[in-house]
Amino acid sequence: MIPGARIVLLGRQGAGKGTQCVRLSRHFVVPHISTGDMLRAAVREGTELGKMAKAVIDAGQLVGDDIMVGIVAERLDAEDARTRGYILDGFPRTVAQAIALDEITAKSPVDLAIDLDVPRDLVLSRLSARRVCRDCGANFQSTGTDPSPWTCENCGGDVVQRDDDTPAAINQRLDLYETQTQPLIDYYGSSGRMVAVDGVGSPDDVFARLTQAVEQRR
Ligand code: AMP
């Protein structure tokens, strides 16, 4: 176990980030904080945030930096994140968010940013086949002969296709990743906190590379 690891996982949507974050959080016993999951929970609960976020998410756009920074600041202030660290999934997504994150965490900064690298054409095909558990967020791949209804093997929740996994929204998100999120590789690189991990391969192989990257930094 690595106590107090503070990790940011970057990478295109569809790179397998969500699944790997769940595994990493269990392995290192740190909370998995996914801003996408938090927003989807708000959508399900019908809160003001959820109502606003739904249209933005379905269009493949980004929710405003101020809103996202507020949500994450509150979450990182919780006891578990303060004492055990965290794996941030889906945040930061812009340089402005990364700067704000460094301000919020000035006393105990992010140790490591990992870029889970998977080429664009590969994630396009993965995203089209992606299915997610509505309750625990676990990711699955459709084979075309899926159970119906499909029940999550981890928690018993409904496994569904995300509303924002339409081809137009997927392409929009991949474009945004290149313009808004890829600059974070330089941002974290300039402070010596960046490591790239090859995200192509079996989930077990990729997980082994990720844990090795984390352990090498400690
Ligand atoms: P994800 O589950 O990380 O793929 O996020 C799903 C959607 O939530 C994204 O396409 C964005 O619309 C929104 N979202 C999640 N995290 C952020 C963030 N850090 N900044 C802006 N929008 C976000």
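One can find the structure itself at the top, above this paragraph.
Residues numbered from 1 in each chain as written. Predicted model: local features only at pLDDT ≥ 70, side-chain atom pairs only at ≥ 80, totals over all residues. Heavy atoms only, no water.

S.K.: Is there a simple way to explain helix α1 (residues 17-28) in this structure?
M.R.: Since the α-helix packs 3.6 residues into each turn, any two residues three or four apart lie on the same face. Along its twelve residues, α1 runs 16 Å from first to last C-alpha, staying within 8% of the 16 Å computed at 1.5 Å per residue. Within α1, burial applies to Lys17, Gly18, Gln20, Cys21, Leu24, Ser25 and Phe28. The arc that holds every buried residue of α1, seen down its axis, measures 160°, which confines them to one face. In the core, the buried residues of α1 are packed alongside β1 (5-10), β2 (32-34), β3 (85-89), β4 (112-117) and α10 (203-217). Looking at the residues trailing α1, positive phi occurs at Val29, about 55°. (Helix = DSSP H or I, 4+ residues; strand = E, 2+ residues; numbered from the N terminus. Expected span 1.5 Å × (residues − 1). Buried < 20%, exposed > 50% of the residue type's maximum accessible area, 1.4 Å probe, protein only. Arc of directions from axis to C-beta. Contact = heavy atoms within 4.5 Å.)

S.K.: Help me out: how do you make sense of the pattern of salt bridges in this one?
M.R.: Any two side chains of opposite charge can pair, so long as their charged atoms come close to each other. Taken as a whole and judged by the stated rule, the model has 19 salt bridges. A salt bridge links Arg82 to Asp77, with the nearest nitrogen and oxygen atoms 3.7 Å apart. With respect to burial, Arg82 and Asp77 carry one shared label: exposed. The partner of Arg162 in a salt bridge is Asp164, with the nearest N and O atoms 2.9 Å apart. The network of salt bridges with common partners includes Arg130, Arg162, Asp164, Asp165 and Arg173. (Salt bridge = Lys/Arg side-chain N within 4 Å of Asp/Glu carboxyl O.)

S.K.: I keep staring at the nonpolar core and nothing clicks. Help me out?
M.R.: Taken as a class, soluble globular proteins show a tendency for nonpolar side chains to be buried jointly. Formed by 25 residues in total, the largest nonpolar core has its most connected members in Val8, Leu88, Leu101 and Tyr188. Elements with a minimum of two residues in this core: β1, α3 (48-58), α4 (65-76), β3, α6 (95-104) and α9 (183-190). Of the residues forming this core, the biggest block, five residues, is contributed by α4. Filtering out sequence-adjacent residues up to four positions away, Val8 remains in contact with Leu88, Phe91, Pro92, Leu101, Val110, Leu112, Ala113, Ile114 and Tyr188. If you look at the next biggest cluster of nonpolar residues, it comprises 23 residues, including Ile87, Leu116, Val123 and Val214. (Core = buried A, V, L, I, M, F, W, Y, C linked by side-chain atoms within 4.5 Å.)

S.K.: Teacher, can you tell me more about the sheet that holds strand β7 (residues 159-160) here?
M.R.: Within a sheet, adjacent strands bond to each other through the backbone by hydrogen bonds, running parallel or antiparallel. In space, the three strands of this open sheet follow the order β6-β5-β7, with antiparallel pairing throughout. Edge positions in the sheet fall to β6 (139-141) and β7, since each has one partner strand and no second. Taken together, the three bridges between strand β5 (residues 130-133) and β6 define a ladder with antiparallel strand orientation. Looking across to β6, one finds that Arg130 is bridged to Gln141. (Pairing = 2+ DSSP bridges.)

S.K.: Looking at this structure, I do not really get the site of the ligand. What am I missing?
M.R.: As a matter of local geometry, the ligand sits amid 16 residues, with Gln13, Thr35, Arg40, Gln61 and Gly90 nearest to it. One of the side-chain N or O atoms of Arg162 is found 3.2 Å from an oxygen atom in the ligand. Starting from 480 Å² of accessible surface for the ligand in isolation, the protein chains cover 97%. Ranked by residues supplied to the shell around the ligand, first place goes to helix α2 (residues 35-45) with four residues. Within the shell around the ligand, the residues separate by chemical class into six nonpolar, six polar and four charged. (Near = heavy atom within 4 Å. Polar contact = N/O pair within 3.5 Å; in protein donor to acceptor, adjacent residues only side chain to side chain. Areas by Shrake-Rupley, 256 points an atom, 1.4 Å probe, with all protein chains shown as cover. Nonpolar A, V, L, I, M, F, W, Y, C, P; charged D, E, K, R; others polar.)

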